[in-house]
Every structure is written in structure tokens, then in C-alpha cells.
Amino acid sequence: MTIELQAVGRERLRLWGGLGVAVVVWALLYSLNKPFWDWLLFDWLGLDPQTHLGSAIEFFFYDTLKIALLLTGIIFAVTVLRSFMSVERTRALLGGRREGVGNVAAAGLGVLTPFCSCSAVPGFIGFVAAGVPLGITMSFLIASPMVNEVAIVLLYGLFGWKVAATYVGAGLVLAVLAGWVIGRLRLERHVEPFVFETTLRGQPIDLSAKLSWEDRFAMGREEVASILRKIWPYLVIGIGIGAAIHGWVPEDFFVDAAGPDNPLAVPVAVGIGVPLYSNAAGVLPLVEALHAKGLAMGTVLAFMMSVVALSVPEIVLLRRVLKPRLLVVFVGVVAAGILSVGVLFNLVL
Amino acid sequence: MKIKVLGPGCANCATLEKRTSDALAATGVSATVEKVTDFAEIASYGVMSTPALVIDEQVVVSGRVPKVDEIGALLTRS
């Protein structure tokens, strides 16, 4: 008995001790990132930070490591926290909510619930078939991809916490309003009929309940590995192009072309952003460099939102459950919302 | 034993299918493995996050990809 207890204690020590060590190592790496590259590139290799090449190379290495560290830390933390939530629990929380309050709850839960884009359709069917109103389901489906941890991490790392917070706030408001508008339009008959005919067999299982801390940590590690594996090529290419722009494109290059005074900048940014998808990680370092050369902040945010919230693969998937008219309304309402966010922030920021 | 892997064909679904066949090989359990990609059928199991693993019409895992050992334990338990 005591031996068993000791074994449990050791196991626990290993788990939490390991987490502690990882946090310390992470913090050390993060704080040494800039001094290290400054020392290696400028003092040791003798590059000049004032030259095109010097500043581009420093930008590349410093940014790559910084973003990789931020992604690792935040995806791990978010995944562990999210392991306490599940789509099943979210649906139970949303059932029977009225519009308005329900839209706000759905948008908030969209951020907290672990949800991947390949679950968008089963999720949609599960919500609607269980009686969650269409507009509330839409608030969830919009908030979930848009306010995602990779986007938040990148915005925080590249532009600071104010921009990241603005993005989260704007994303939530947009999800609430767009879902509410879609709900008001009474478009239920434009949902493919089989969705309503789907009978939910059996007891939906809530698998978030019986996980141990060890399971949750393992999920966090796997999620970090799988996301990094998926996005690193985009990240490296994006930071590479960003570094080149950082080094060679003259200051204020975009002030005329895409500054706050150009009304076409936001629509063009959204038009480019919608077809792009998994490149969110690669696109942002590039956009950061463009912003440094005069691209307006609202345009940057609108671009980011259109990249993550609307994508061609997701629209193709949603066609399975939404008839064309509702699909067009969905894309139109979200795109219009993103446009207004961009234009608004260009006016205010 | 009848096993179904539910998922529209994302990367995680393929991983789950592969680990399931690994687990079958490791435990020596004999079973048929069927891939279910139809959304209506996936939803009819009450599954909202893919991939999901169904053993003899019982959903045992959903929304994550368990390790081979864990799948093996689920296979031998039922």
C-alpha cells in the first residue's frame, strides 16, 4: 500500500516537476532570444545591424525562434485548459438559450471549446439536430476558427497585446452580430433537410471528464507537435519573405498604396485573405513586415480575420449542410463584418 | 467484432485508422474495420468532434486520437 502511494507520489512529482522545468527553460530561451542573436550575428559574425542583410538576417532568426516559442507555450496551455471543455458540454450549455444571450454565449464558448475545422460539419449537425437555433450555431461556427490560439499568439508576438486583444474583441463582436443577423433572417429552410432528420442515436459521450492530468499534458504535447509540424514550412517561408521586406523595402513604402486613407485597401486585403487558409502562420510575419512599411492596422486585422475565419475548404465542407443561398449569406455576412472591422480600425487606430 | 472509424478524411482520422490497425495487430483481436465518412452517419452516432472510434456500435473515443496502447485496451475490454 505505502509502496503504491510512493509510486503515485513519484509519478506526480515527475509530472509537475517536468512542467516546472519546462516553464523555466521556456522563459530562459524567450528572454535570451534577442541578446543571443545580437551577440552571434553582430558581435561574433560582425554583421552590421544597419545594413539590409544584417537587419534581415536578425529579423529572420529572432522572429522564427520567438514565434516558435510563443506557439509552443500557448498551444500547450490552451490545449490543457480546453481538455476540460468539450463540444458536447458546449452544446448542453447552449441548448434552450434565447437569441441574443445565446449568440454571446456561443461566441464565447466557440473560443473555449476544442474544435477543428474538420469537425465543422458534424458539429453543425449535432447542434442543429439537438435544437440549438441556427443563428446561435453560426455564432459558434464563426468565433471558433476566427479567435484561435495561433492567430492570437502571432498577433501578440508580432504586434503586442493591444492588437491581439482588439482582434479577440472584434472577432467576438463579429461572431455575435453575424450569428444574430443570420438567425433573424429565418433561413432554416436553407439548411439541407437531412440535418433535421438526423436522429441522434445513443448517449453522447463526454470524454473530457475522465482524463488525468497526465492525459491532458500528453494531449498538450501532441497538439504542439502536430500544429508545429503542420505550419512550420509556412512559418519559415513567411518569416523569410518578411525578413527580406524588413531589410530591403524602404520605410513608408505602403503608405500611399495601402495606408489608412486608401478606401480600397481593406476590400483588397479581404479578397486576398479569404482564399488563403492554413497559411495564417506564414502570412502574419509577412504582414508584420508590411505593417512596418506603412500598411494600416485595420487592414492588417481584416486580412488576418479573412484568412482564418473564411476559407475555401471550409466553404466547400459547409455546402454539405447549407444550401447555396444560406452559404452565400454566411460568407457575405462574415465578409461584410470583417470589412467593417478593418475600415473602422483604420479610422480609429 | 465490428470497428468503425468516423471522420470526414482529415489527417487525424487517417492517424486513428492506422493506430487502430496497429492495435488490432498488437492485441491479436480479429475485427472488421470500416471507415465512415458520410456526415449524416457520423452525426447519427451523436459524434460532434471527429475523429471517433466505434466498437460494436458503441462510441468509445471522440475528438482525439488515443495511443495504440489505449486502443488496444479498449479492444480487449469489449
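Residues numbered from 1 in each chain as written. Chains lettered and ligands numbered in written order. Predicted model: local features only at pLDDT ≥ 70, side-chain atom pairs only at ≥ 80, totals over all residues. Heavy atoms only, no water.

> So what's going on with the interface of chain B and chain A? Residues and values would help.
Listed by partner, the interface residues are 22 residues for chain B and 26 residues for chain A. Approximately 1,900 Å² of surface area, both sides summed, lies buried where chain B meets chain A, with 60% of it carried by carbon and sulfur atoms. Our count for the contact surface shared by chain B and chain A stands at one salt bridge. Among the ionic pairs, A:E222 bridges to B:K67, the shortest N-O distance being 2.9 Å. Summed over the shared surface of chain B and chain A, the number is one residue pair in polar contact (both at pLDDT 80 or more). Broken down by secondary-structure element, the contributors of at least two residues to the side of chain B that touches chain A are α2 (39–44) and β4 (58–62) of chain B. Residue contributions to the side of chain B that touches chain A peak at five residues, all from α2(B). (Contact = heavy atoms within 4.5 Å. Buried area = accessible area lost by both parts, 1.4 Å probe. Salt bridge = Lys/Arg side-chain N within 4 Å of Asp/Glu carboxyl O. Polar contact = N/O pair within 3.5 Å; in protein donor to acceptor, adjacent residues only side chain to side chain. Helix = DSSP H or I, 4+ residues; strand = E, 2+ residues; numbered from the N terminus.)

> Let's hear about the pattern of salt bridges: which residues, and what values?
Evaluated as defined, the whole model comprises nine salt bridges over all chains. B:E17 is the salt-bridge partner of B:K35, the closest N and O atoms lying 3.6 Å from each other. Residue B:K35 is found in strand β2 (residues 32–36), and its partner B:E17 is found in helix α1 (residues 11–27); the two are separated by 18 residues along the sequence. Given a relative accessible area of 43%, B:K35 falls into the partly exposed group. Residue classification places B:E17 among the partly exposed residues on the basis of a relative accessible area of 27%. Bridged by salt links that share partners, the residues A:E11, A:R14 and A:E214 form one connected network. (Buried < 20%, exposed > 50% of the residue type's maximum accessible area, 1.4 Å probe, protein only.)

> Could you give an account of the pairing of β2(B), with specific residues and numbers?
For a regular strand, side chains alternate in direction, first toward one face of the sheet and then toward the other. Residue and element names in this part refer to chain B. With five bridges joining them, strand β1 (residues 2–6) and β2 adopt parallel strand pairing. Residue pairing across strands places K4 opposite E34, the latter belonging to β2. Following the backbone out of β1, through α1 and into the adjacent parallel β2, one traces a crossover that is right-handed. (Pairing = 2+ DSSP bridges. Right-handed = clockwise from strand over helix to strand, strands pointing away.)

> Lay out the packing of aromatic side chains with the relevant residues and their values.
The relation between two aromatic rings is expressed through the spacing of the ring centres and the mutual angle of the planes. All names here are of chain A. Tallied over the entire structure, the rule returns twelve aromatic pairs over all chains. With a centroid separation of 5.2 Å and 5° between ring planes, the pair formed by W26 and Y30 is classed as stacked. In this pair, W26 and Y30 are both assigned in helix α1 (residues 2–44), four residues apart and thus about one turn of the helix distant. For W26, a relative accessible area of 27% translates into the label partly exposed. Residues W213 and F217 carry aromatic rings whose centres are separated by 5.9 Å and whose planes lie at 70° to one another, so their mutual orientation is edge-to-face. Placement of both W213 and F217 in helix α10 (residues 213–248) is noted, with a separation of four residues, approximately one turn of the helix. The exposure class of F217 is buried, given its relative accessible area of 5%. Three or more aromatic residues link up through ring pairs in this structure, and these residues are F36, W37, W39, W44, F60 and F61. (Phe/Tyr/Trp six-rings, centres within 6.5 Å; stacked < 30°, edge-to-face > 60°.)

> Give a detailed account of the side chain of B:K4, specifying residues and quantitative values.
All names here are of chain B. Relative to the helices and strands, K4 resides in strand β1. Owing to a relative accessible area of 9%, K4 belongs among the buried residues under this scheme. Among the polar contacts made by the side chain of K4, one reaches the side chain of Y45 at a distance of 2.9 Å. Apart from residues no more than four positions distant in its own chain, K4 is found in contact with E34, V36, E41, Y45, A52, L53, V54 and E57.

> Can you explain the sheet that holds β2(B)? Please cite residues and give values.
All names here are of chain B. Taken in spatial order, the four strands of this open sheet run β2-β1-β3-β4, and their pairing is mixed. Each edge of the sheet is formed by a strand with only one pairing partner; in this case those strands are β2 and β4. Each strand axis lies, on average, 20° off the axis of its neighbour in the sheet, ignoring direction. As paired elements, β1 and strand β3 (residues 52–55) share four bridges and run antiparallel to each other. Bridge pairing links L6 to A52 in β3. Docked against the sheet, α1 engages β1, β2 and β3, running at close to 160° with respect to β1. (Axes fitted to C-alpha atoms, helices over the stretch in contact; angles between N-to-C directions.)

Note that every value here comes from positions in space, so none of it alone points to a role or purpose.
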